[in-house]
Amino acid sequence: MSILSIQSSVAYGHVGNSAAVFPLQRLGVEVWPVHTVHFSNHTGYGAWKGPLMPADDVRAVIEGVEERGAFPNVDAVLSGYQGGEEIGDVILDAVARVKAANPAAIYACDPVMGNARSGCFVHPAIPVLLRERVVPAADLITPNQFELGFLTDTEPRTIEDTLASVDLARAMGPSTVLVTSVERPDAPEDTIEMMAVTGDGAWIVQTPRLPMKANGSGDVTAALFTAHLLETGDPAVALARTASSVFDLLQTTLDSGERELQLVQSQEALANPRLQFEVTQVR
């Protein structure tokens, strides 16, 4: 399996490609990372250094990969935070080129916009770009519940609400939606859920909620689910594996006392998930 991953990169810590590439490699996936920024660290620290890559430079790197004859072997294009409309154009062009070379390839998009606690933290043009142009071109999207609501102009709270919002999102274009954080008022205290929905059904998995904020965990989740879905073709299995690995990664990070994801220390949980959480079909 080969994935073209077009995302941000940091030298210190793990977000974007710096979060996605290693877990994919531990699963045996060949990853070709293309960086949209190369910062010293993620912006959550409030200060960082390094360049935002010009869109033409990102395009040139992708074209160089294409010129090596690689595109027929790409199984998925993976993207995360899109810093501007020009980068969005580059990613959409790459998706079109890859699919022309390999019609079986998919586009997996993490529509990064914000979360329930911080609100929307991207430039106002980004949600419009995602809603009108990027999501309709995607086969798989991995929003959190807040982003799902933003995309569909809804406020999902219950499982039924979330399913209805996912149906609206799927009507925009993607065949598969992974909701990476389902928070509902009737769930047991200190739990959080993930939901995967396709045309064949919907599945949910519940895990303990850990008392931490982990930058990059969404990037790991999107990468793992994409790879497991491509490998198995089974959204329930992909959901079980992803939830297991991400929970163990977060628990290891919490236990370490470190701020950054402990990816290397968690590599066994990434490569061989314990499958400790039950997946339930809800539709």
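Residues numbered from 1 in each chain as written. Predicted model: local features only at pLDDT ≥ 70, side-chain atom pairs only at ≥ 80, totals over all residues. Heavy atoms only, no water.

1. Describing the overall build of the protein chain
And step 1. Helix and strand counts for the protein chain stand at nine helices and eleven strands.
And step 2. The C-alpha extent of the protein chain, read off along each of the three principal axes, is 50 × 40 × 35 Å.
And step 3. Carbon and sulfur atoms provide 50% of the accessible area of the protein chain, an area that totals close to 12200 Å².
And step 4. Across the protein chain, the centroid of the 18 positively charged side chains sits 2 Å from that of the 35 negatively charged ones. (Helix = DSSP H or I, 4+ residues; strand = E, 2+ residues; numbered from the N terminus. Areas by Shrake-Rupley, 256 points an atom, 1.4 Å probe, with all protein chains shown as cover. Lys, Arg positive; Asp, Glu negative; His and termini not counted. Charge placed at Lys NZ, Arg CZ, Asp CG, Glu CD.)

2. Some thoughts on the UniProt feature "binding site: substrate" (unreviewed entry) in the protein chain
And step 1. Residues given the UniProt feature "binding site: substrate" (unreviewed entry) here are S8 and D219. A stretch of 212 residues holds the annotated residues, and the largest C-alpha distance among them is 10.2 Å, short enough that they meet in one place.
And step 2. Looking at S8, the relative accessible area reads 13%, which means it is buried.
And step 3. Every residue in contact with S8, bar those within four places of it in the chain, is listed here: V15, G16, N17, S18, T36 and V37.
And step 4. Considering the arrangement of structural elements, one finds D219 in helix α7 (residues 217–232).
And step 5. Those residues in contact with D219, other than ones at most four positions away along the chain, are Q7, V15, G16, A19, A20 and D110.
And step 6. Reaching out from D219, the side chain makes a polar contact with the backbone nitrogen of G16 at a distance of 2.8 Å. (UniProt positions renumbered as here; feature names shortened; annotations may be inferred. Buried < 20%, exposed > 50% of the residue type's maximum accessible area, 1.4 Å probe, protein only. Contact = heavy atoms within 4.5 Å. Polar contact = N/O pair within 3.5 Å; in protein donor to acceptor, adjacent residues only side chain to side chain.)

3. Some thoughts on the pattern of salt bridges
And step 1. Tallied over the entire structure, the rule returns eleven salt bridges.
And step 2. The closest approach of N and O atoms between D93 and R59, which form a salt bridge, is 3.6 Å. Here D93, found in helix α3 (residues 85–101), pairs with R59, found in helix α2 (residues 55–67); they are 34 residues apart in sequence, far enough to count as distant.
And step 3. Among the salt bridges present, the one from R133 reaches D89, with a minimum N-O distance of 2.6 Å. One end of the pair, R133, is in helix α4 (residues 125–134); the other, D89, is in helix α3, with 44 residues separating them in the sequence.
And step 4. In this structure R133 comes out as partly exposed when scored by relative accessible area, which is 39%. (Salt bridge = Lys/Arg side-chain N within 4 Å of Asp/Glu carboxyl O.)

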